[in-house]
Amino acid sequence: MYWVTPRHLAGDDGVLAERVGDTLGGLGWRMWPTFRNTLLYVSPDGLRGAEWILAAYPFELGGLPVAWQLSARPHTASAMTEWNAYFTAGVPHEALADLLLALDAREAPDIGFESAETVLTALSAYGWLRDLDRPRTTASDPGFSASISLEMLPPLIHDADPRDDLLGWQAWAEPVLGAPYLWCASFSASVPHDLVAAFAASLASPIPVPRRTLPDGAQERLTVVRRD
């Protein structure tokens, strides 16, 4: 077992489904398999959803298959989700778990009142650097191996707002410039900024995380704090 930093380069240790599933189970979310070989979790109030969709291989972000999709709806009778967020394999499961804890704790999961600055403030608190050209929308870790940015939405990112020119938070890790992405995440335009901030703060946290395997391409940029 290795205890490593930075978290954003630690990978998912091959247990992304299990760790996030444990978090959801602990929150009392119900789970059942679907006909698409996915695992669907729904919160007790029926307003929040999380689905392990890797087996269905719906689409890719940055050349990586999407593994988890989170969603929220305004009321249980709504057939359409208000927003969606997508995460590929390789994303640190701690960051996704912290996002789900914040989502579960929210009284109204479909609306938010915080500004985009909330996300950047969360990152700056842990030493992430704002982009000189886009200081209001983009920040990167000090090693420039991961970024979170407010961008035009990629294809297939669904949101209740149908307009084409919407911006949503995008996050990714690229251990070496020009190398394949380690993971990617995409938040549709209506995801409340404070929920994205919860993901960002966890991602940037300096607290070491345990890993049994270290991701290819990132090992040289990881610091092993200790071995158990």
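Conventions we followed
- Residues numbered from 1 in each chain as written.
- Predicted model: local features only at pLDDT ≥ 70, side-chain atom pairs only at ≥ 80, totals over all residues.
- Heavy atoms only, no water.
- Helix = DSSP H or I, 4+ residues; strand = E, 2+ residues; numbered from the N terminus.
- Contact = heavy atoms within 4.5 Å.
- Areas by Shrake-Rupley, 256 points an atom, 1.4 Å probe, with all protein chains shown as cover.
- Lys, Arg positive; Asp, Glu negative; His and termini not counted.
- Charge placed at Lys NZ, Arg CZ, Asp CG, Glu CD.
- Polar contact = N/O pair within 3.5 Å; in protein donor to acceptor, adjacent residues only side chain to side chain.
- Phe/Tyr/Trp six-rings, centres within 6.5 Å; stacked < 30°, edge-to-face > 60°.
- Lys NZ or Arg CZ within 6 Å of the ring centre and 35° of its normal.
- Core = buried A, V, L, I, M, F, W, Y, C linked by side-chain atoms within 4.5 Å.
- Buried < 20%, exposed > 50% of the residue type's maximum accessible area, 1.4 Å probe, protein only.
- Pairing = 2+ DSSP bridges.

Participant: Would you mind going over the overall build of the protein chain with me for this structure?
Facilitator: Across its full length, the protein chain carries four helices and 14 strands. Dimensions of the protein chain along its principal axes, counting C-alpha atoms only, are 50 × 40 × 30 Å. When contacts within the protein chain are restricted to residue pairs at least 6 apart in sequence, long-range pairs at least 24 apart make up 59% of them. Total accessible area on the protein chain stands at roughly 10,800 Å², and carbon and sulfur atoms take up 56% of it. The average position of the 16 basic charges and that of the 28 acidic charges among the side chains of the protein chain differ by 4 Å.

Participant: What am I meant to see in the side chain of Ser147 here?
Facilitator: Following the sequence through the fold, Ser147 ends up in strand E10 (residues 146-152). A polar side-chain atom of Ser147 sits 2.8 Å from a polar atom in the side chain of Ser140.

Participant: How do you make sense of the packing of aromatic side chains when you look at a structure like this?
Facilitator: By convention here, two paired aromatic rings are described through the distance between centres and the angle between planes. Using the criterion set out here, one finds seven aromatic pairs in the structure. Plain terms: the ring middles of Trp183 and Phe199 are 6.2 Å apart, the flat faces sit at 90 degrees to each other, and that makes the pair edge-to-face. Taken together, the positions of Trp183 in strand E12 (residues 183-187) and Phe199 in helix H4 (residues 193-204) put the pair 16 residues apart, joining distant regions of the chain. Sitting over the face of the ring of Trp3, Arg226 holds its NZ or CZ atom 4.6 Å from the ring centroid.

Participant: Where do I start with the nonpolar core in this structure?
Facilitator: As a rule of thumb, soluble globular proteins bury nonpolar side chains together. In terms of nonpolar packing, the biggest core is built from 52 residues, with Trp68, Phe87, Phe187 and Phe199 touching the most fellow members. Looking at this core element by element, the count peaks at seven residues for H4. When neighbours within four sequence positions are excluded, Phe199 is seen to be in contact with Phe87, Val91, Ala95, Leu96, Leu99, Ala171, Trp183, Ala185 and Phe187. Core analysis: the second largest hydrophobic core is formed by seven residues, Ile53, Leu61, Tyr86 and Cys184 among them.

Participant: What's the story with the pairing of E10 in this structure? I'm lost.
Facilitator: Regular strands show a simple pattern: their side chains alternate between the two faces of the sheet. Across the seven residues of E10, five count as buried, placing the element largely inside the fold. Across three bridges, strand E9 (residues 138-140) lies against E10 in antiparallel orientation. Bridge pairing links Ala139 to Ile148 in E10. The hairpin formed by E9 and E10 contains five residues between the paired strands, and Phe144 there has a positive phi angle of roughly 55 degrees. Here seven bridges tie E10 to strand E11 (residues 167-173), and the two strands are oriented antiparallel to one another. For Ser149, the partnering residue across the bridge sits in E11 and is Gln170.

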